[in-house]
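What the coordinates show
Spelled out, the chains give:
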Amino acid sequence: MKSWGTRVLLVLVILVLLLPFIFRSLLMTAPRVAVRSGPADQLVIMTPHLETVRRKFDRAFAAWYASKYHRSVSIEYLSFGGGEIVKFFQASEAAYERTGTYNVDLVWGGSDSLFSDALGSKYLETVALEPGVLKAAFPMPDIGGVPLYDQSPGGPRWFGAALSSFGIMYNRDVLAYLHLPEPRTWADLADPRYSGWLELADPTRSASAKAALQVIVEREIETASQEHRPQQEAWAHGMGLIRQIAANAKGFTQAANELPGTVSNGDVAAAMSIDFYARAQIAAVNACDPRIARAGPRRQPRADGGAAHGSGEDICSGAGRVGYVEPQGATMVTPEPIALAKGAQHAEVARRFIEFVLSDAGQRLWITSPGPGETPEMALQRLPVVRSVYDHPVDFTEFTNPFTTAGGFNTKPSRRAAFGLMDELIALCCIDLLPDLRGTRRAIFTSPRAAELDAKLGTFPVSQAASQAGVAVHRQMLKGKPEDWLTLQRQWRDQFRAEYRELRRAAELPARQATAGPQAVGRGGGRGGKPAGNGRVIARAAVSSQPVAR
Amino acid sequence: MARSSVARAVRYAACAAVLVLFGVFLVWPVWTVISTGLGLSTPGVKLASVGAYLAAVFQDQQFRMGAVNSAVIATLVTVGCVLITVPLALLNRRYEFPGKSLFASLLLVPLVLPPFVGAIGIRFIFGAQGALTAWCQQLGLVAPGTPVNWLAQHALGAVVVSEAFSLYPILFVNVLTALSFVDPSLEQAAANLGASAWRVFRSVTLPLMLPGVFAGASIVFIWSFSELGTPLMFDFYDVTPVQVYFRITEVSNNPLPYALLIVTMLGCCLVYALGKLAVGWRNQMGWTKTPAALGTIQLKGLASVRVALAFVVVIVLALLPHIGVILSSISATGQWYDSVLPRVFTTAHYQHALTHELALPSIRNSLIFSGLSVVLDIALGLGLGILIVRSKLPFALKALIDSLSMLPLAVPGLVLAFGYLAVSLQIKAWFPDWKWLLSVIDVQRNPTLLLVMAYTIRRLPYVVRSTVAGLEQTPEELELAARNIGASRTQTLLRITTPLLGANLVAGALMVFAFTMLEVSDSLILVQKQSYWPITRGIFELFQRLGDGPYIASALGAWAMVLLTLILILVNSLLGKRVGALFRI
């Protein structure tokens, strides 16, 4: 008996192990890439890019290389996340001192600040591209103020390889349930009906999330300067708006790649998302009808049939539920660079790879539909960095041109620098204290003084000057003297906590007492005299909507 | 005299070897990461400032709250696991009923939940528009078109329940093994003397099985205290491991998380030592192991259904994430939404996953890495167990070794992995010309050695706890008798001790195998070349794919899950005949 059971088990194990072979022999249709004989040129690329990106460029580069240089090339990828890349270089310093190489040729992908600040001249080498390549790729040196390649005096150490931006991805079903219109601006996300149905990205971890939040403040400052209002006030309102938005957050996501799934599964109504994540998700969910993805809102609500395992039209039942928008006039577009590492052992091949990536053929790989024999996921859904590519949109999967949409307003590094420890402040008052913040805003909207108190929450208590002054303290920590920074951090957090407590107390006071009014609510109280801004509009919206069921 | 001094030398040599092992493969890497993090390598920073950082940790209300939350979670999870497993283990021992062996095996399946996709499975079921919502809508409990955020209701409770139902197998295996050592004649004697069933359990069975319960409970406690993934999944950030993780992965060089990490690790060791003191360092029972001579009661009809139901309820609840993974692996992309089951089924994900060039090499790599780790862990665990329980080392040394063997549980995987990476690079910088050394140490060339060691160290606690519990429950007299009649130490070890501990070793090995197969942090950071990628790296790679990534990763995960389950059951049934006591299939 027992041995019989064991034998069955053994057979099962073998069968399961054989499954991949069975699938392979039955289904492998794609032709295998012929491996060239003879010695191949080597290239080592450290990259956070997805496997599909690597595969697509790998094949195309090999073909381009063979036709141009009549040699074969073999690329080894080291798969690292953005933050891990810096950690790798830091950890390898001792080895570099001895051997003169990091055993890496190219670093490809990540935010531009990773390359310009974190890696910089310490780990990156300047590259002399073939004459004309740079000019052809970047007729303009920047996009809306953001440099497209490194323009430091010693020569370029990095080049933008693709563009990325940040927008709002949303689920139309959940929005309908919450009686919310489709979001169009960041401020829309501050609507209290989003409470608990929003997912944000952590600005201290994701450089692109940080830039996206910076744009919110920059936008306020830009508007203020047009209306001749003081910048100080604009800062307080911009940061305050971020706080109102954060109060709606269910959480701050760690892995950006989880966001699209969260939205399309309907766990949240909206989320901050990197552009191509959103586009890829929309393409995958709406795969059965590509027109819906482009045409925007679907025309008819889906007939609710519970679990309908039908054929035909039912397959499309989920189509069009996911949407994506880049807030007008507040879109941040940044390049995603490629760079040569110091001590690269295959610098010549590496330079050729950069030239290929910047070539028209290389750039088209980002945005075109899958080639013959390729599966749908090989559409990379990315935006090319070379402007001229957009002039001939042949076989494109996406028709936005970031050079025209983001041309006017974009985040400016010079302005960004004046924001000081903005991301740390957001982490302190929004992420560390998220349950506190969320509870505070909910309490505010049960109070008759909702508009007034929410305006206070929407006025940031730490001034831009204080945020900038913090930078020096923060820098001390980087130099190994963290005590002051740790104290400052704690003081700020305690200040926010006290502010929220005060606001909750004020919100819970009976209306009559409230008119007599406690004067100071946190430190934001002094600056409460704000004209009808976001806070009031939002408050009115909340009063009119029914309480958000959960 | 001469003989005993030789024995003493052997004892201390073994002890020194163990300490060197922990020194090289645990303390050095972890310390490298922590000291870099604290900035101790920067000139001008002194060890004294570490004191200031530690003080800063305690001053911070946020960290205090995190520690309290973590402790509450760990306590509740441990209690929950005890409440789930002890009754089931007792039922399993006492009664015979149809499907019993199958249930006992299925209870262990939660061990093989693949990473990344497990969370996806839970989200599809408990998501706002997930299966549960749709089901409640069908039943009329929730208005149609209303999404419900189940997971956000009580984050702490959700974390506790989710961890309890994923960690209980660790305790179950230990309790079951411990029970197999409990001599039923003692219980019968107590019952004959008129003790009630509860009294027999409380004053006879429980004290006798306590080493096993402690072994499992201490692992569960420390694990749930330092668990990162589950609180993250439920957006519950105010726990120590998440606070450490958030701040360590920040780009800035904040020393605080490393100070917090030191506090956590010391705290875990302290809690463990206290627990051990409470249970008693010397908890040796002088009873012989009975060859399962307990008269089981054959249940029929309704009674057997009732007992079976207890098993089924636990199994179904514990396997919900697995069911979620399997269903998402056959759901068309984005089509398990607002419905109890996926709206459209497909096998496309399996085609993608299994024809992917990663599938086969990665499972082969994983089997090799895990297999080596299991062998190493068994050898190390046995040696450590004997040192801790049987040797005549001073108490302080034993306590040190015991605590060190538990420390890996409290070290975040990410820290250990980065530590190994740093150590590898350090050695490379020291000996740039030693080709043979670099070929095994340089993770960029061949990560096998360091990866296997990382796996081994991280999962060593299971085997150590398991063997220690076994040794505490078996009388030393048997070994002494063998020595008396002239057997050498080696003979005694091979012929007496090891067979007696068979069930414990199998239990430990099963857990090591399952957990190393699905190990994440080391696999992601130490393995850079694709040709060495283990299965978790493969799952991660597919998971990251945009759009259909999670579904394809689910398919690969489900395949690995089925394979692992079958292997576990197969090994169980092969060894079970010889080991006899653990699970009878």
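Please refer to the structure higher up on the page.
Residues numbered from 1 in each chain as written. Chains lettered and ligands numbered in written order. Predicted model: local features only at pLDDT ≥ 70, side-chain atom pairs only at ≥ 80, totals over all residues. Heavy atoms only, no water.

So, on to the interface of chain A and chain B. Chain A puts 96 residues into the contact, and the matching count from chain B is 87 residues. Across the chain A to chain B interface the summed buried area is about 8100 Å²; carbon plus sulfur atoms make up 58%. Inspection of the chain A/chain B interface yields four salt bridges. With a closest N to O distance of 2.8 Å, A:Arg493 and B:Asp60 form a salt bridge. Our count for the contact surface shared by chain A and chain B stands at 16 residue pairs in polar contact (both at pLDDT 80 or more). A total of 14 residues in the side of chain A that touches chain B trace back to one element, the largest contributor, which is helix H1 (residues 2-27) of chain A. Of the residues in the side of chain A that touches chain B, the class split is 42 nonpolar, 26 polar and 28 charged. (Contact = heavy atoms within 4.5 Å. Buried area = accessible area lost by both parts, 1.4 Å probe. Salt bridge = Lys/Arg side-chain N within 4 Å of Asp/Glu carboxyl O. Polar contact = N/O pair within 3.5 Å; in protein donor to acceptor, adjacent residues only side chain to side chain. Helix = DSSP H or I, 4+ residues; strand = E, 2+ residues; numbered from the N terminus. Nonpolar A, V, L, I, M, F, W, Y, C, P; charged D, E, K, R; others polar.)

Turning our eyes to something else, we now look at the pairing of strand E8 (residues 198-201) of chain A. Residues and elements named next belong to chain A. Neither face of E8 is left uncovered, since the one carrying Leu198 and Leu200 and the one carrying Glu199 and Ala201 both have all their residues buried. Summarising the sheet, E8 and strand E9 (residues 249-253) pair through four bridges and their orientation is parallel. Across the sheet, residue Leu198 finds its bridge partner in E9, namely Ala249. Note that E8 and strand E10 (residues 270-274) share two bridges and pair parallel. Looking at the pairing, Leu198 lines up with Ala270 of E10. (Buried < 20%, exposed > 50% of the residue type's maximum accessible area, 1.4 Å probe, protein only. Pairing = 2+ DSSP bridges.)

By the criterion of burial, helix H17 (residues 434-444) of chain A is predominantly enclosed, with eight of the 11 residues buried. Three or more residues of H17(A) are buried, namely A:Leu434, A:Asp436, A:Leu437, A:Arg438, A:Thr440, A:Arg441, A:Ala443 and A:Ile444.

Our next topic: the packing of helix H8 (residues 155-181) of chain B against helix H10 (residues 197-225) of chain B. All names here are of chain B. Where H8 meets H10, the axes come as close as 8 Å, and the angle between the chain directions of the two elements is 150°. Our classification of the angle between H8 and H10 gives roughly antiparallel. The two elements H8 and H10 meet at a crossing, and its hand is right-handed. Two secondary-structure elements touch here, H8 through Glu163, Leu167, Ile170, Leu171, Asn174, Val175, Ala178 and Leu179 and H10 through Thr205, Met209, Gly212, Val213, Ala215, Gly216, Ala217, Ile219, Val220, Trp223 and Ser224. Residues that form the contact of H8 with H10 fall into these classes: 13 nonpolar, five polar and one charged. (Axes fitted to C-alpha atoms, helices over the stretch in contact; angles between N-to-C directions. Parallel < 35°, antiparallel > 145°, perpendicular 65-115°, else oblique. Left-handed = near helix turned anticlockwise from the far one by under 90°.)

This part takes up a nonpolar patch on the surface. Taken together, the side chains of A:Trp4, A:Val8, A:Leu10, A:Val11, A:Leu12, A:Ile14, A:Leu15, A:Leu18, A:Phe21, A:Ile22 and A:Leu26 make up a nonpolar region of the molecular surface, amounting to roughly 1000 Å² of accessible area. Within the fold, A:Leu15 resides in helix H1. (Patch = residues over 30% accessible without salt bridge, like charges linked within 9 Å, V, L, I, M, F, W, Y side chains within 5 Å. Areas by Shrake-Rupley, 256 points an atom, 1.4 Å probe, with all protein chains shown as cover.)

Helix-helix packing: each pair is described by the crossing angle between the helix axes and the interaxial distance. Put simply, helix H3 (residues 82-99) of chain A and helix H18 (residues 413-430) of chain B touch, their axes get as near as 7 Å, and they point 20° apart. By the angle between their axes, H3(A) is roughly parallel relative to H18(B). H3(A) and H18(B) meet at a crossing whose hand is right-handed. Together, A:Glu84, A:Lys87, A:Ala91, A:Ser92, A:Ala94, A:Ala95 and A:Arg98 of H3(A) and B:Phe418, B:Leu425, B:Ala429 and B:Trp430 of H18(B) make up the contact between the two elements. Looking at the contact of H3(A) with H18(B) residue by residue, the class counts come to seven nonpolar, one polar and three charged.

Following the criterion strictly, the structure yields 42 aromatic pairs over all chains and no others. Taking 5.4 Å as the distance between ring centres and 75° as the angle between the ring planes, the aromatic pair formed by A:Trp108 and A:Phe353 counts as edge-to-face. Remark: A:Phe353 occurs in helix H12 (residues 347-358) and A:Trp108 occurs in strand E3 (residues 106-108); sequence separation between them is 245 residues. Under the relative-accessibility criterion, A:Phe353 is labelled buried at 0%. Judged by centre distance (6.5 Å) and plane angle (75°), the rings of B:Phe369 and B:Tyr455 are edge-to-face. With B:Phe369 in helix H16 (residues 359-389) and B:Tyr455 in helix H20 (residues 448-473), this pair connects stretches of sequence that are 86 residues apart. Taking relative accessible area as the criterion, B:Phe369 reaches 2% and is therefore assigned buried. Ring-pair connections join several aromatic residues into one group, and the members of that group are A:Phe57, A:Phe61, A:Trp64, A:Tyr65, A:Tyr69, A:Trp108, A:Phe353, A:Phe356 and A:Trp366. When the ring centre of B:Tyr337 is taken as reference, the NZ or CZ atom of A:Arg321 above it lies at 3.5 Å. Cation over ring: B:Arg537 sits above B:Trp533, and NZ or CZ is 4.4 Å from the ring centre. (Phe/Tyr/Trp six-rings, centres within 6.5 Å; stacked < 30°, edge-to-face > 60°. Lys NZ or Arg CZ within 6 Å of the ring centre and 35° of its normal.)

Take it as geometry only, folks, not as evidence of what the structure does.
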